[in-house]
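# Report on the structure
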Amino acid sequence: MAELSVAELSKDLRAAITRLEHTEGLESVGVVTRVGDGVAWIHGLRDAGYSEVLQIEAPSGIVEAFALNLMEDEIGAVLLGTDAEVSAGNTVRLKGTALVVPVGPELLGRVVDPLGRPLDGAGPIKTKAVGLVEREAIGVMGRKSVHEPLMTGIMAIDAMFPIGRGQRELIIGDRQTGKTALAIDTMINQAKQKTGVVNVYVAIGQKLSKVARLVDRLKAEGVMDQTIIVATSPADPASLLYLAPYAGTAMGEYFRDNKQHALMIYDDLTKHAVAYRQMSLLLRRPPGREAYPGDVFYLHSRLLERSAKLSDALGAGSLTALPIIETQAGDISAYIPTNVISITDGQIFLETDLFYQGIRPAISAGLSVSRVGGAAQTKAVKSVSGNLKLGLSQFRELASFAQFGSDLDESTKSQIERGQRLTELLKQPQYRPASIWEQVASMYAVTNGLFDRVNPSHIKDAQAALLARLSADHTDVVKALETGDKPTDAVLKTIGTAATHVAKGFEGK
Amino acid sequence: MAVKLSRRRITHYVADNLATGTDVHNTLMQLAGYLVDTRRTKELDVIVRDIEYALAERGLVSARVVTAFKLSYVTRQAIEDVINSRKKSHDIQLQHVVDPAVLGGLRLDIPGFRLDTTLAHTLSTLRTNYKK
């Protein structure tokens, strides 16, 4: 028995020598000199590249890391696993590739981590393609201006701050103001309106209970089939939180590059910046403002620049981004908020005060803006939303002044009353995105004064009655509006007649 | 108090002396004294590795081969030939370690490079892939 095993070992050795003679298996190696807080310092590996994947041979198996600090005689690498398994003296190899994640339609309906490993217990994911986690954004000639609408189903957004496919629109606000709710409603709307847009939701350091609730909700709404969730929890190492948005973007880019449309939601980039700050400080990079490293702007700009509307030559696909930023006490002039505001093509600012006044979504008409979405707004919505934003901003200013005085002139009074009705109209319950025809009919009725005799507290009831009436008796109007084209005079007349009838039912209430 | 020198300068000084055979014992004593004086003894392992790299660049290769059982003279010679072809060295110091833990195959370490064809390594890779 012993002789047999020696013979086998001898055979192995001869085979090894044969391979050795070709010297192809000779790999560049280094040694871990220090490790701690998720960072390993490595001696050797002089030919390592930036962001290249390293394999550390720990006793329990191979732990991967990626090189972020390439110094004269040392490499600082961030571990993709727990640092408890790695110890000084472990051998390190170059994997020979940059970080890649699985991409493709096989990921739809799945919850994965930033390395593409399934977290939902639904079995392994076998994709045909992989995508680079860090990839250069598409160039100028490969792009086209934003011109197709991405309907969120939220009337306040679609009417006042329209978003186009390929746009980057920031959702910003304090905690508990409904930022994630806006993003989820937008995802739900893509399924309800059958837009074919694929959703990629990136949870950065979110509680796993929140992610589980989100998955349940998306399944209940029938959205999960066209959604990929990239989840990281606060218990994950900072490296995974840092990689999450890039990995999610790689998954979204697959659809963009294959003539499809994808929507990225980064929830949230504040936690992403904090994770990067942690990594940078541990890598001993010099701290700057608020202890963030000098390249924190580039961290987000290179991520969001990957969202684009591609030219026809490249298939006309698109990647739209809705990054989320959490502010402290409504301070949008802090470091990370100002950075991301300047990178994106507009922002939707959510106010705590409005939220607690019951105005939900709590969108601030004055501080929100969409810089490029106007060109992409659905013609039907554009034709009825007109000066909605201006009217609402003026109303909120007037309303704050009006509470100090009792005598107001007629025009101010009417402006305030119209504003109250508009505010009521734009209130929208969660998970109930409105379709194009619902938005157009509702806004037309209010902005044209057809509901002026309806008490503001009954506006939502009147709106529901109008929509029910149109849906039951005027399916042709509904169909015409759903096309998104500018409504004809006949269509508007029908809506006007129906709204007048409905309004009469609410007079005096 | 001695002036703080970079690791690179220390490495090149020591490697030059070792390569030319200039009073090896004295050079090592100088290095030890310097590291103690500047409280840099923790850097010893890294400096030794740096010196190995520097010596390899000068044609003096210190190699280590680990197998599960003893190597024959012919096998050793074959390994030395391979190192020579790879590193263009004129002096190879091959250290051979028998370690049954590698199970089979061989692991060859030369400064900055490794060839690992051991069964232990193959099993470790398989275990990691299985975990994934």
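Summarised in this report is the structure supplied together with it. (Residues numbered from 1 in each chain as written. Chains lettered and ligands numbered in written order. Predicted model: local features only at pLDDT ≥ 70, side-chain atom pairs only at ≥ 80, totals over all residues. Heavy atoms only, no water.)

## Focus on the overall build of chain A
- A tally of regular secondary structure across chain A gives 16 helices and 16 strands.
- On the principal axes, the C-alpha backbone points of chain A span a range of 100 × 50 × 45 Å.
- In the form shown here, chain A has an accessible surface area of approximately 21700 Å², with 52% of it arising from carbon and sulfur atoms.
- A gap of 5 Å separates the mean positions of the 54 positive and 58 negative side-chain charges of chain A. (Helix = DSSP H or I, 4+ residues; strand = E, 2+ residues; numbered from the N terminus. Areas by Shrake-Rupley, 256 points an atom, 1.4 Å probe, with all protein chains shown as cover. Lys, Arg positive; Asp, Glu negative; His and termini not counted. Charge placed at Lys NZ, Arg CZ, Asp CG, Glu CD.)

## As for the sheet that holds strand β16 (residues 369-370) of chain A
All names here are of chain A.
- Ordered by their spatial adjacency, eight strands build an open sheet running β8-β12-β11-β13-β14-β10-β15-β16, and the pairing between neighbours is mixed. Because the sheet does not close on itself, it has two edges, and the strands there are β8 (111-112) and β16.
- When strand β11 (residues 198-203) meets strand β12 (residues 227-231), the two strands line up parallel, connected through five bridges. The partner of V202 across the bridge, within β12, is V230.
- Relative to the sheet, helix α6 (residues 269-282) contacts β13 (261-267) and β14 (318-326), its axis offset from that of β14 by approximately 75 degrees. (Pairing = 2+ DSSP bridges. Contact = heavy atoms within 4.5 Å. Axes fitted to C-alpha atoms, helices over the stretch in contact; angles between N-to-C directions.)

## Things to note about the nonpolar core
Residue and element names in this part refer to chain A.
- In terms of nonpolar packing, the biggest core is built from 75 residues, with M160, L218, I229, I265, F451, L466 and I495 touching the most fellow members.
- With residues up to four places along the chain from it excluded, the contact list for I229 reads R110, V111, V112, Y201, V211, L214, V215, L218 and M224.
- Grouped together as the second largest cluster of nonpolar side chains are 57 residues, L99, Y246, Y335 and I341 included. (Core = buried A, V, L, I, M, F, W, Y, C linked by side-chain atoms within 4.5 Å. Buried < 20%, exposed > 50% of the residue type's maximum accessible area, 1.4 Å probe, protein only.)

## Observations regarding the interface of chain B and chain A
- Contacts between the two partners involve 35 residues from chain B and, on the opposite side, 30 residues from chain A.
- Note on chain B versus chain A: buried area summed over both sides is about 3100 Å², and carbon and sulfur give 59% of it.
- Ranking the residues of chain B by area buried against chain A places F69, R114 and L115 of chain B at the top, with a combined share of 20%.
- For the salt bridge of R7 of chain B with D73 of chain A, the shortest nitrogen-to-oxygen distance reads 3.4 Å.
- Ranked by residue count, the leading element in the side of chain B that touches chain A is helix α5 (residues 119-131) of chain B, at seven residues. (Buried area = accessible area lost by both parts, 1.4 Å probe. Salt bridge = Lys/Arg side-chain N within 4 Å of Asp/Glu carboxyl O.)

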